[in-house]
Each structure stands twice: as structure tokens, then as C-alpha cells.
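Chain residues, written in single-letter form:
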Number of protein chains: 2
Amino acid sequence: MPRKGTRKTVAKAADIRTVAALAKVSIATVSRTINGSPAVSDRLSKRVWQAIEQLNYFPNTHARSLVSGRSRLFGIIVENITNPFFPELIQSFEEVAVANGYEILVSSSNSDPAILTTCVRRMLERKVEGVAVLTFGEEEPVLDQLAHHNVPLVLAEFKLDDPKSSTILLDYSTGFKAAVRHLVGLGHRKIAFLAGPHTLHSAITRENDFRNAMQEAGLPVDPASVIVCDHTLRGGVAGFEKLQTLGTRPTAVICSNDMTAIGVLRAGYMKGLRVPQDLSVVGLDDIDFCEFTLPPLTTIRLSRTDLARASFDALRQQAEAAPAAQIQREFLVSTSLVIRESTAPPGWV
Amino acid sequence: MPRKGTRKTVAKAADIRTVAALAKVSIATVSRTINGSPAVSDRLSKRVWQAIEQLNYFPNTHARSLVSGRSRLFGIIVENITNPFFPELIQSFEEVAVANGYEILVSSSNSDPAILTTCVRRMLERKVEGVAVLTFGEEEPVLDQLAHHNVPLVLAEFKLDDPKSSTILLDYSTGFKAAVRHLVGLGHRKIAFLAGPHTLHSAITRENDFRNAMQEAGLPVDPASVIVCDHTLRGGVAGFEKLQTLGTRPTAVICSNDMTAIGVLRAGYMKGLRVPQDLSVVGLDDIDFCEFTLPPLTTIRLSRTDLARASFDALRQQAEAAPAAQIQREFLVSTSLVIRESTAPPGWV
DNA sequence: GTGAAAGCGCTAACAA
DNA sequence: TTGTTAGCGCTTTCAC
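Residues numbered from 1 in each chain as written. Chains lettered and ligands numbered in written order. Predicted model: local features only at pLDDT ≥ 70, side-chain atom pairs only at ≥ 80, totals over all residues. Heavy atoms only, no water.

- Looking at an unreviewed UniProt entry, one finds chain A named LacI family transcriptional regulator and attributed to Occallatibacter riparius.

### Remarks on the relation of the copies chain B and chain A
Stage number 1. After a rotation of 180° and a shift along the axis of 0.0 Å, chain B superposes on chain A with an RMSD of 0.1 Å. Within this description, the copies of the chain are treated as partners about a two-fold rotation axis. Of every C-alpha in chain B, the one belonging to His-62 of chain B sits nearest the axis of rotation, 2.3 Å from it.
Stage number 2. Most of the interface of chain B is mirrored in chain A: 98% of its interface residues are interface residues there too. (Least-squares fit on C-alpha atoms with pLDDT ≥ 70 in both. Contact = heavy atoms within 4.5 Å.)

### Looking at the protein's contact with DNA strand C
Stage number 1. DNA strand C sits among 26 residues. The nearest are Ile-16 and Tyr-57 of chain A together with Thr-29, Arg-32 and Ser-41 of chain B.
Stage number 2. Sugar and phosphate atoms represent 63% of those atoms of DNA strand C found within 4 Å of the protein.
Stage number 3. One of the backbone nitrogen or oxygen atoms of Ile-16 of chain A is found 2.4 Å away from a phosphate oxygen of DNA strand C.
Stage number 4. With respect to DNA strand C, the side chain of Tyr-57 of chain A contributes an N or O atom lying 2.5 Å from a phosphate oxygen.
Stage number 5. Secondary-structure elements contributing two or more residues to the surface near DNA strand C are α1 (16-23), α2 (27-34) and α4 (61-68) of chain A together with α2 (27-34) and α4 (61-68) of chain B.
Stage number 6. Counting residues per element, the surface near DNA strand C draws most heavily on α2 of chain A, which supplies four residues.
Stage number 7. A class-by-class count of the residues in the surface near DNA strand C yields 14 nonpolar, six polar and six charged. (Near = heavy atom within 4 Å. Polar contact = N/O pair within 3.5 Å; in protein donor to acceptor, adjacent residues only side chain to side chain. Helix = DSSP H or I, 4+ residues; strand = E, 2+ residues; numbered from the N terminus. Nonpolar A, V, L, I, M, F, W, Y, C, P; charged D, E, K, R; others polar.)

### As for the protein's contact with DNA strand D
Stage number 1. Among the 26 residues in the neighbourhood of DNA strand D, the closest are listed as Thr-29, Arg-32 and Ser-41 of chain A together with Ile-16 and Tyr-57 of chain B.
Stage number 2. A breakdown of the atoms of DNA strand D within 4 Å of the protein gives sugar and phosphate a share of 60%.
Stage number 3. In this structure, Ser-26 of chain A approaches DNA strand D through a main-chain N or O atom, which is 3.0 Å from a phosphate oxygen.
Stage number 4. Contact between DNA strand D and Arg-64 of chain B: a phosphate oxygen at 3.0 Å from a side-chain N or O atom of the residue.
Stage number 5. Elements supplying a minimum of two residues to the surface near DNA strand D: α2 and α4 of chain A together with α1 (16-23), α2 and α4 of chain B.

### Things to note about the environment of Ser-107 of chain A
Stage number 1. Here Ser-107 of chain A lies in strand β2 (residues 103-108).
Stage number 2. When the C-alpha atoms of Ser-107 of chain A and Ile-77 of chain A are compared, they prove to be 4.8 Å apart, with 30 residues separating the residues in sequence.

### What to know about the side chain of Ser-65 of chain A
Stage number 1. Topologically, Ser-65 of chain A is positioned in helix α4.
Stage number 2. If sequence neighbours within four positions are ignored, Ser-65 of chain A has contacts with Arg-70 and Ser-71 of chain A together with His-62 of chain B.

### A short note on a nonpolar patch on the surface
Stage number 1. A grouping of Tyr-269 and Met-270 of chain A together with Tyr-269 and Met-270 of chain B is seen on the molecular surface, where their side chains present a nonpolar patch of about 440 Å² in accessible area.
Stage number 2. Contributions of two or more residues to the nonpolar patch are made by α11 (258-270) of chain A together with α11 (258-270) of chain B.
Stage number 3. Along the chain, the position of Tyr-269 of chain A falls in helix α11.
Stage number 4. Residue class for Tyr-269 of chain A comes out partly exposed when judged on its relative accessible area of 40%. (Patch = residues over 30% accessible without salt bridge, like charges linked within 9 Å, V, L, I, M, F, W, Y side chains within 5 Å. Areas by Shrake-Rupley, 256 points an atom, 1.4 Å probe, with all protein chains shown as cover. Salt bridge = Lys/Arg side-chain N within 4 Å of Asp/Glu carboxyl O. Buried < 20%, exposed > 50% of the residue type's maximum accessible area, 1.4 Å probe, protein only.)

### A closer look at the UniProt feature "domain: HTH lacI-type" (unreviewed entry) in chain A
Stage number 1. Per the UniProt entry, the sites bearing "domain: HTH lacI-type" (unreviewed entry) are residues 16-68 of chain A in this numbering.
Stage number 2. Helix makes up 72% of residues 16-68 of chain A and strand 0%, and the two end C-alpha atoms of the span are 16 Å apart. (UniProt positions renumbered as here; feature names shortened; annotations may be inferred.)

### A short note on the packing of helix α10 (residues 233-244) of chain A against α11 of chain A
Residue and element names in this part refer to chain A.
Stage number 1. With their axes 6 Å apart at the nearest point, α10 and α11 run at an angle of 55° to one another. The pairing of α10 with α11 is recorded here as oblique in orientation. The handedness of the crossing between α10 and α11 comes out as right-handed. Contact with α10, carried on its side by Leu-233, Gly-236, Val-237 and Phe-240, involves Met-259, Thr-260, Ile-262, Gly-263, Val-264, Arg-266, Ala-267 and Gly-268 of α11 and no other residues of that element.
Stage number 2. Classifying every residue of the contact of α10 with α11 gives seven nonpolar, four polar and one charged. (Axes fitted to C-alpha atoms, helices over the stretch in contact; angles between N-to-C directions. Parallel < 35°, antiparallel > 145°, perpendicular 65-115°, else oblique. Left-handed = near helix turned anticlockwise from the far one by under 90°.)

### Observations regarding the sheet that holds strand β6 (residues 191-195) of chain A
All names here are of chain A.
Stage number 1. Reading across the sheet, the 11 strands line up as β2-β1-β3-β4-β5-β11-β10-β9-β8-β6-β7 and stay open at both edges, with mixed pairing between neighbours. Looking at the sheet topology across the chains shown, the edges are occupied by β2 and β7 (226-228). Ignoring strand direction, the axes of neighbouring strands in this sheet form an average angle of 15°.
Stage number 2. Of the strand pairs in this sheet, β6 and β7 are connected by three bridges, and their pairing is parallel. Its bridge partner lying in β7, Phe-193 is registered against Val-226.
Stage number 3. Across the sheet, α11 touches β6, β8 (252-255), β9 (280-285) and β10 (298-302), and the angle it forms with β9 is around 155°. (Pairing = 2+ DSSP bridges.)

### Digging into the interface of chain B and chain A
Stage number 1. Tallying the contact residues gives 54 residues for chain B and 53 residues for chain A.
Stage number 2. Where chain B touches chain A, the interface holds eight salt bridges.
Stage number 3. Across the pair Arg-122 of chain B and Glu-94 of chain A runs a salt bridge whose closest N-O atoms are separated by 3.8 Å.
Stage number 4. The tally of links from chain B across to chain A stands at 21 residue pairs in polar contact (both at pLDDT 80 or more).

### Let's talk about the nonpolar core
Stage number 1. Grouped together as the largest cluster of nonpolar side chains are 147 residues, with contacts concentrated most on Ile-254 and Val-281 of chain A together with Ile-254 and Val-281 of chain B.
Stage number 2. If near-sequence neighbours (up to four positions away) are discounted, Val-281 of chain A is found in contact with Val-253, Cys-255, Ala-261, Val-264, Leu-265, Val-275, Leu-297, Thr-298, Ser-342 and Thr-343 of chain A.
Stage number 3. Judged by nonpolar contacts, the second largest core, of 42 residues, contains Val-131 and Val-151 of chain A together with Val-133 and Leu-143 of chain B. (Core = buried A, V, L, I, M, F, W, Y, C linked by side-chain atoms within 4.5 Å.)

### Considering the packing of aromatic side chains
Stage number 1. A full pass over the atoms with the stated rule returns 20 aromatic pairs over all chains.
Stage number 2. Plain terms: the ring middles of Tyr-102 of chain A and Phe-312 of chain A are 5.7 Å apart, the flat faces sit at 80° to each other, and that makes the pair edge-to-face. Linking Tyr-102 of chain A in the loop between α5 (85-99) and β2 with Phe-312 of chain A in helix α12 (residues 304-320), this pair joins segments that are 210 residues apart in sequence. Neither residue differs from the other here; Tyr-102 of chain A and Phe-312 of chain A are each classed as buried.
Stage number 3. Judged by centre distance (4.4 Å) and plane angle (5°), the rings of Phe-74 of chain B and Tyr-102 of chain B are stacked. Of the two residues, Phe-74 of chain B sits in strand β1 (residues 73-78) while Tyr-102 of chain B sits in the loop between α5 (85-99) and β2 (103-108), which places them 28 residues apart along the sequence. Of the two residues, Phe-74 of chain B and Tyr-102 of chain B, both sit in the buried class. (Phe/Tyr/Trp six-rings, centres within 6.5 Å; stacked < 30°, edge-to-face > 60°.)

Right, dumping it as C-alpha cells:
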């Protein structure tokens, strides 16, 4: 039989005064105890903790933030949560943040400026102490608004002329060079590139770094074999089809991200083309799934743990540094090649 | 040349008093205007909005929450963010929430009670107005703590004896019956099941519903052909291998979730077994990726939009209902079969 | 319809 | 070392 509906007059949750009363100290002492101030005697501290325990008390974050001016909240804005790279990135970011006593507010912009504006607004209202903008896109107007409100920012691959902002530079170059070297070592000469949309900073950087790597290897880049896709699986399928129409067929293709590469894998399979025997495929990101594609994908790894870590560190420094302190405003995250089974000598059996 | 370091003495962000002063009204009027109180004359309202615009003002959420006792925050706890189902679910939940003026706090528990406890604690501190616990697991102790603090709760497939909690029931039964009927229609008689871990409520329910569907179809369930996996891709691979050792080989297999099915697809491919010719495979969830597996996966669709929507509605009702109001405490989310290319008649060419 | 004033739960400056 | 007290920025009575 269900309990009666009386519910013992909904006891208002314990507040700092309740604790103080029970511990027979002032609220200031309770506050100090909670915040680990050294200026509290063991005797009182013990009494306070006991009272806290007994009342199942925990402080009200809103009150705390209001008076201290610190929310211990960071925002993170990603581009597109459908690309597995981003959930994985958020996950890493959250882990670091929570481990360091911060909370996170997540938003995905889907590259829609209107959505982005709302996100930013919401974050501003919640008084975030910093925002990691990991969209890799061009959202400068909105960023200006954040910068305007003196919110520390960390951007991927983009520098804002604001002392409160930091930048994470991604060294794709290392990864691309390794990838090209790897392919050349296998005997490939004709290497195509499936690029990302040119609205993304990262896509442009990646394409440039691919070209540089090719140049360094002394290989020409056939303009027709650099095809702009959109970083989605579907886009990879389309890219593969364009690849097939090329007069001189490349024996290997490097993709601007893993989703594109997975699209190529899939389209290739549907056309009866064998990877890696007929075509070697290289991705970029190293999302968890790469291990399980058919065949497992050779890819340029962009460590999301490193990226998350760097973003967090950048924000934390900005948030916690003394006003005039000199802080690190540029961070470098590296890439490396992970060789799996989607690459082999051309014509290999 | 960079601007000088003076930065026009960091103007403290505008607050309600600034707005009131500029609009030449009292702060009460500003507050009323912002909150859409009808008791403000058009004349003043206009002045206030102008001032707000001009100052680029927005209210401080912490102050608001502190005084009103309402945070407009919901928490959502999911099990494992590596399974694409969950990011997709979070995404949907966030959309509904934001569209309705709520914010969300996300946590993934990874089925670790310690992590869960911290999550709950953090959510409590932020004064969430409700938590959606979509872990499908057994975290009753922690839930008790939430319930204890009078926080509205919505749980998937689990009923808590607390007036502040609601339950979302998942009708897997419809989906399983459709799947079995589909397979039987194709000519299958030996249908195996790769179950989820028995620590999850949902896994147990799914297994039961599978058995019921089989019974209804008049088909026996060979105990050996029900194999417990763990809802991961790796687990699916292992499950497939066990399947291969069975004396009498099933011609079709239904999996407790898509990741398991994808594991089967992959393992099958490595063994040179053809799907669907040699083995029909059915998943459950219908994650985005199903469309792109090789071959595209036939699956029992559990709409995450519906699930997110139901969770949100449940929480909102709890949060906003008048104290004594009668509210809906049970929600039903249905499943349906999505037929793609991983199922075919046994031995079909 | 509008304003004055009393807090929401907490931190931090100041006194003791 | 401890306590008193003044707000943090806002909503919400209660007068007018």
C-alpha cells in the first residue's frame, strides 16, 4: 500500500545556516570549512563536517557563483555531433573538466550561425568562465560577442586579436608527411585527396598540408584529383564516385577526415573494388570506429584527448591567471600516422 | 600594431540597475519587462527594451535561480557515450530542452557507481529541476539520493516508488514481433539471439520480448542459441564466434543492440561468411550508422527523438505542475522494424 | 502601473 | 581562530 500523501512537509533542503546551527558555529566558519580554508581549527572543522554529513548538505552553486563571481563552468561548442569525433572529444573534455572541479555546458552549432548565437547567449547568461570553440569554422562575428564580454576563449586553428583568447594549432603536417611517406614507401605515386568543405579552417589547412607533404615527397598533385567533399560519410561516397571518373586513376587516396574515408570504403565495396588491393585509403581523426571498418582504416590520428586537454588548459589558465600574468596563448596538438589494413602496395594481392 | 594594453578599464557587464537607470525606471520594472509581466505599460516597456538593447544586457542566471528557486536546468545521465545511440539521444534531448527554455547538464556514468555518485552530486549542487536517468541499468542507491532531495526523475524501464519520479516504458515487443515475423516470412526457422549484459534492465526486457515473439511465432528457442554479449561491437564479434560453434547453425540472428549486430557483420565478413545470404542479421536501436554498414542493417528502431521527447515531457510536467496536480507518470515509447539489406531468405543468392 | 525594500544562500572583508 | 556583516543580481511581496 502506498504511503499516505502527506510526505512529511517537504523539508526545505539544509542550507549553510542549518549546518552552522547544528555545529554551533557561525556560517562563516562553515563556509571556510567547505572551502578548505586553513584558518579553521580541527575541532570546529570536525563538528562542521559532522553536521554536513548528518544533514546531507551541499552548497548552492548559484549562490556561490553569484557572490564569488566564479561559476566554474566552461562552455564547449562543437560543430556537428553526428560525426563521432565530436562526442568523443566532448567526452574527453568533460573528463578533464570534472576532474578539475569544472562543469561543462555543451552545444553543437551544426554550423548554423543562428544556433550558435543562441548557444553563446545561453553561455553568457550562465556566466561561463570560458568557451572552447571547436567548430573549426568561421564564426568570427559570434566570437566577437564572446570576446566582447571578456569571456576567455580557445579556438582551434584560428587566432582572434583579443588578449583573452588562445589558439590551438593543429600540426597536421607531421601526420600528412608520414602518410605520404608511408604510401610512397608502398609504391604509390598517384595519390588523390578528398578535401573538406572550404568553409572550415581545418579543411583548408589540411588540404595545404597534404599538398606540402606531396611536394616534399617530390610528387605532383593532379588538380583534378583533389576533390572537395563535406566531411560526411555520404560526401565520401560521392567523392569516390568522382574519383572513378578520373582519366588516370589514383592508386591511393587520403581523406580530410575519417567519415569521408569510411564513405570511400563503403562506396568501393559496393562497386566491387577491393581495398587495399585496388585502392589504398587513409583517413584523418582516428575515431574509435576506425578499428572496426572493413578493412580497419589506416588514418592520421588527431588525438582528441590531447585536443581536449589543451583546450581545457588554455581556458583554465585564462580563467585563473592573475590579471596581468603572462600566459601561454598558443598550444600545439600533433598528429601521427596509425597504420592499419586499408593501405598496401598498389595491385597487391 | 596591437592596441595599447589599457583596454578601457574593463567595464563591468551591465546589470539590472544599469538598465533601470538608463531607462529611468525602477529595477522592478526592468525585471517585469524581461519576464513578460503584463503589468507593464507599453511606454515603459519600450524604454526598457531599448536600454537592454543598447547595453547589450542579459540577466544573470545565477541570481535569477537563487531568488526564484528555479534553475531551468535538467540533468541527463546516460550509460556509455561510446555507443553512438547515446550521443544521438543527448542531441535530441538538448534540442527539445533548449527549444523550451531549459538547459541541460550531461553526464555519462559508464556504469560506474562512483562516477554516477559524483554526477548526481554535481547536479544536485546546480539545483537541477529534474534528471533523466537513461542508463537502463541498476543504479537504485544513487537514484534514492536524488529522490531524497525531491528532484523529479524520469527513468527508463524502471519504476521508483516515489511520487516525484516517472517511468518510460519501452515497447520492444512490437519491434521484436515484427522482426521475427519478417524473418519467418523469409523462411527462417532457427533464429539466434545475442543478448545484452544482464546488469541492464533493458537487456533483460529485450531478451524476454524476443522469447515472447518467438513463442508467438510458434518457434522454439534453443537455449544454446541465446548468447549473452555486452552491447559493444567487440562483444558482437565474440558472440558471432560462439554462434559458429553451435551444433545446428542458426540462419538468422537478432541482436540486443546495433553495436552487437555491427560486430556480427564484421566478424562474419572476416570469416568469409556472407550476410545476408549465409546469415541474416537484425539489430536494435537504429543508430545513424546502420544505413552505412555493409550491408545496411535491418534493425528494430527505437526512436531516440521519441525517447528524448518523452523524457523531457515527463520532467517538465514534474517540474512545472502544481504541487497536488495529477500528472502522467508513465510514458510509452514504441519500436518498429526498419528493413534494410542484412536480411534475406536463408541460402538466398 | 510602478517603485521601495526584503531577501534567495553564499563569500569575503573586517572586527574582535 | 572565529564571528558579524555587507552585498552578489535578481524576483517578489507590499505599498502607493
